[in-house]
Structures are given as structure tokens and as C-alpha cells.
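The lines below spell out each chain.
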Amino acid sequence: MTEAPVPATGPIAAVLADVDGTLVTGAKALTPRAIGAIEQLHERGVLFAITSGRPPRGMRMLVQPLEMHGPMAAFNGGIIVRPDMTVVDERAVPADVAPAVIDVIRAQGLYAWIYRSTEWYVTDPNAPHAARESGTVQFPPTVVPSYDGLLDRAVKIVGVSDDYDRVARCEAALHEQFGRHVSASRSQPYYVDVTSPAANKGVVVERLSHQYQIPLEQIATLGDGANDVLMFERSGLSIAMGNASEEVQRQATYVTASNEDEGFAKAVEQFILPRAGAAPKVPPAG
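This text gives an overview of the structure that appears in the document. (Residues numbered from 1 in each chain as written. Predicted model: local features only at pLDDT ≥ 70, side-chain atom pairs only at ≥ 80, totals over all residues. Heavy atoms only, no water.)

Quick notes on the packing of helix H1 (residues 32-43) against helix H9 (residues 263-272)
Think of two packed helices as two axes; the pair is described by the angle between the axes and how far apart they sit.
Point 1. Where H1 contacts H9, the two axes come as close as 8 Å, and the packing angle between them is 35°. Along this stretch, H1 crosses H9, giving a crossing that reads as left-handed. Across the interface between the two elements, Arg 33, Ala 34, Ala 37, Ile 38 and Leu 41 from H1 touch Phe 264, Ala 265, Lys 266, Val 268, Glu 269 and Ile 272 from H9. (Axes fitted to C-alpha atoms, helices over the stretch in contact; angles between N-to-C directions. Helix = DSSP H or I, 4+ residues; strand = E, 2+ residues; numbered from the N terminus. Left-handed = near helix turned anticlockwise from the far one by under 90°. Contact = heavy atoms within 4.5 Å.)

Spelled out as C-alpha cells, the structure:
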């Protein structure tokens with residue numbers, strides 16, 4: 001864990017945290033220490049928000065133990081919901097691009113699945129990582145014969161493979177073919193997530209700043225994945241998990257311990273609470 005002194009460069013009024021690999025352990029569990037760290041943020045008036053590649057229903061189990069009041073950005077920002085699951089904003093993959101995205105994912109040798117709002121669709125119930133995903137989000141996918149008729153409002157398209165190099169090549173191919181028409185990034189070594197260009201974790205930071213009138217330099221972000229770098233780049237303080245790749249760690253202000261060694265709680269305690277300041281009292285829009 002980085003032991004650099006905490007810089008006195010102003011307050012931290014909001015915290016935006018990734019979920020898997022960051023906030024929860026590998027077993028997808030919240031630790032008492034992590035819950036306690038968030039309680040301290042609440043007590044200081046710091047806005048706590050989460051962002052994840054998960055669907056909204058896949059974050060419901062976090063609301064009660066964390067006493068969530070802030071927004072939850074699902075699908076890397078494709079849908080933003082309140083803790084009561086009210087949709088505040090939804091941004092789909094452009095309908096004229098979505099079928100071609102599926103084609104590129106399959107051409108690269110990955111399996112493709114899609115999400116629409118609160119539903120998850122697969123064409124094969126034994127698809128790679130489908131069982132793992134079901135356990136994570138705590139609901140099963142809907143099995144369909146094809147994605148025809150479902151791509152007009154696909155909020156996230158996922159390419160899946162256990163060949164990590166193939167996943168990286170697929171990400172590069174998506175960038176090359178679609179440029180700024182989509183946002184494509186690896187949320188895990190075996191997943192490449194495709195969302196609207198207006199739906200990525202960097203945009204989530206900007207929307208959080210605008211909606212709650214909190215300057216970007218007063219927002220702290222925590223994450224472990226390549227898709228978290230975009231929010232690191234836009235926040236005043238960024239913290240990478242010890243389980244993040246060296247590439248991701250290099251993009252952060254600090255590196256904490258791993259998610260299996262209370263990295264989230266340690267980061268909040270060491271780097272954020274000493275600078276905690278109450279966020280403005282601004283009612284959420286929508």
C-alpha cells in the first residue's frame with residue numbers, strides 16, 4: 001500500500017467507487033470494515049455513489065447494508081438509478097451500430113450477450129461465465145434464440161472469453177471499427193463491455209459533479225479495472241486497488257491494498273477521511 005502523505009489540497013466531498021474487485025471481495029461480499037468506512041463517509045456528509053458494469057438489479061443487494069442515498073450508475077453509466085431503482089437516466093448503444101458490434105465480437109471469437117434496462121439476454125444458457133454472472137447479479141438471464149428485435153435499446157453488449165489476449169484484441173477491433181460511436185473497455189480480463197459513447201465511468205464522474213454541484217477536484221474515485229481509468233482521469237483523487245494491473249495502478253494517485261485485504265476500507269481511512277468535507281445539499285435531478 002502506498003504510504004505517501006495525504007496532500008492537503010482541499011476537501012473530498014464525494015466518493016465514486018467501482019463494485020467488483022473494489023468495494024466487494026472476490027466472493028462478492030461486503031466486509032464489516034468496508035461498511036464501517038462508508039458509515040464514516042455518511043457521518044461526514046460525503047456523498048457516496050457506486051458505478052459498475054452490473055445491471056441495476058445486480059446492485060440492489062448493496063442498498064440496505066450501505067444505507068445508499070447517492071446514485072448508482074449501472075452498465076458503466078448506461079443507466080443511472082436511485083437506491084429505490086427509479087431510473088434517472090438511460091443511454092443505449094446506438095441502434096444502427098449494435099448489430100455490427102455483435103458481428104465484431106463474434107468475429108473475434110468471443111461470445112456475445114446483451115442487457116436491456118433491467119433484463120439480461122443470452123442465446124446459450126451455458127454461455128461462458130453466465131453462471132458466474134448469475135451469482136454476481138443474483139438473477140438469471142433470459143434465453144432467446146437470437147438477439148433480433150432486442151438491439152434497438154441495448155444498454156450494454158458484452159463480449160466474453162477466457163482467452164484474455166483475444167478479449168484485448170476484440171477491444172482494439174471495436175475501437176478501430178466504431179471509434180467514438182461506442183465506448184468499449186474491459187471490465188474484467190474476460191469481459192469487454194460496449195456501451196453508448198455517453199456511458200462510461202469518466203462520464204459518470206462528470207454527471208455526478210454537475211448534478212450535485214461538486215467540483216471534479218473534490219471527487220475521489222476507487223477502482224481496479226481498465227474501465228476505471230476513465231474516472232481516474234476526471235477526478236481530483238484516484239485510488240487503484242492492489243489487485244489492479246500495473247497499467248491501471250500507474251494511472252491512479254495512490255494504490256491501496258487488494259480487495260481481499262480490506263483495500264477499499266484502508267483507502268477511505270488513509271486517503272479520503274482526512275480530507276472529508278460535506279457535499280452541497282442539492283436534491284437529485286430527475
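Having put the structure on the table, let's press on.
Details of the packing of helix H3 (residues 98-107) against helix H5 (residues 164-178)
Point 1. Packing of H3 against H5 brings their axes to within 10 Å, and their N-to-C directions diverge by 145°. Here the hand of the crossing between H3 and H5 comes out right-handed. Side by side, H3 and H5 meet where Ala 100, Val 101, Val 104 and Ile 105 of the first sit next to Cys 170, Ala 173, Leu 174, Gln 177 and Phe 178 of the second.
Point 2. Here the residues of the contact of H3 with H5 are counted per class, giving eight nonpolar, one polar and no charged. (Nonpolar A, V, L, I, M, F, W, Y, C, P; charged D, E, K, R; others polar.)

Some details on the sheet that holds strand S10 (residues 183-188)
Point 1. If you trace the six strands from one edge of the open sheet to the other, you get S8-S7-S6-S9-S11-S10, paired in mixed fashion. The open sheet terminates on both sides in strands that have one partner only, identified here as strand S8 (142-143) and S10.
Point 2. As paired strands, S10 and strand S11 (residues 191-195) are joined by four bridges and run antiparallel to one another. Bridging across to S11, Gln 188 finds its partner in Tyr 191. (Pairing = 2+ DSSP bridges.)

As for the nonpolar core
Point 1. Counting residues in each nonpolar core, the largest one holds 75 residues, and the members touching the most others are Phe 48, Trp 113, Tyr 147, Ile 157 and Ile 272.
Point 2. The greatest single-element share of this core, amounting to six residues, is contributed by H9.
Point 3. Excluding its chain neighbours within four sequence positions, the residues that come into contact with Ile 157 are Val 93, Ala 98, Val 101, Ile 102, Ile 105, Trp 113, Ile 114, Val 192, Asp 193 and Val 194. (Core = buried A, V, L, I, M, F, W, Y, C linked by side-chain atoms within 4.5 Å. Buried < 20%, exposed > 50% of the residue type's maximum accessible area, 1.4 Å probe, protein only.)

Describing the pattern of salt bridges
Point 1. Summed over all chains, the structure comprises 15 salt bridges.
Point 2. Across the pair Lys 156 and Asp 193 runs a salt bridge, and its minimum N-O distance is 3.8 Å. Remark: Asp 193 occurs in strand S11 and Lys 156 occurs in strand S9 (residues 156-160); sequence separation between them is 37 residues. The residues Lys 156 and Asp 193 share a single accessibility class, namely buried.
Point 3. Each of Asp 18, Lys 201 and Asp 228 takes part in one network of salt bridges that share partners. (Salt bridge = Lys/Arg side-chain N within 4 Å of Asp/Glu carboxyl O.)

Considering the side chain of Asn 259
Point 1. Within the element layout of this structure, Asn 259 appears in the loop between strand S14 (254-255) and H9.
Point 2. In this structure the side chain of Asn 259 is engaged in a polar contact, spanning 3.1 Å, whose partner is the backbone oxygen of Val 24.
Point 3. Look past the residues within four positions of Asn 259 in its chain and what remains in contact with it is Gly 21, Thr 22, Val 24, Thr 25, Gly 26, Met 241 and Asn 243. (Polar contact = N/O pair within 3.5 Å; in protein donor to acceptor, adjacent residues only side chain to side chain.)

Focus: the environment of Ala 14
Point 1. Tracing the sequence through the fold places Ala 14 in strand S1 (residues 14-18).
Point 2. Each C-alpha atom of the pair Ala 14 and Ala 279 lies 6.6 Å from the other, and the pair is 265 residues apart in sequence.
Point 3. Those residues in contact with Ala 14, other than ones at most four positions away along the chain, are Val 46, Leu 47, Leu 208, Ile 214, Gln 218, Ile 219 and Ala 220.

Considering the pairing of S10
Point 1. Across the six residues that make up S10, a large majority, five, are buried.
Point 2. The antiparallel pairing of S10 with S11 creates a hairpin that spans two residues between the two strands.

Digging into empty space enclosed by the protein
Point 1. Within this structure, the stated rule accounts for four cavities of 30 Å³ or more.
Point 2. Approximately 240 Å³ is the volume found for the largest cavity.
Point 3. If you go around the largest cavity, you meet 24 residues; those closest to its centre are Asp 20, Glu 133, Ser 187, Gln 188 and Tyr 191.
Point 4. Looking at the lining of the largest cavity, the elements with two or more residues in it are strand S6 (111-116), helix H4 (130-137), S9, S10 and S11. (1 Å grid on protein atoms, 1.4 Å probe; cavity = no way out; pocket = protein on both sides within 12 Å on 5 of 7 lines; lining within 4 Å. Points joined across faces, edges and corners; volume = space filled by probe spheres on them.)

Some words on the sheet that holds strand S12 (residues 219-223)
Point 1. Overall, mixed pairing links the eight strands, which are arranged S5-S4-S3-S2-S1-S12-S13-S14 in an open sheet. Because the sheet does not close on itself, it has two edges, and the strands there are strand S5 (87-90) and S14.
Point 2. Of the pairings in the sheet, the one linking strand S13 (residues 237-240) to S14 comprises two bridges and is parallel in character. Bridging from a neighbouring strand, Ala 240 pairs with Val 255 of S14.

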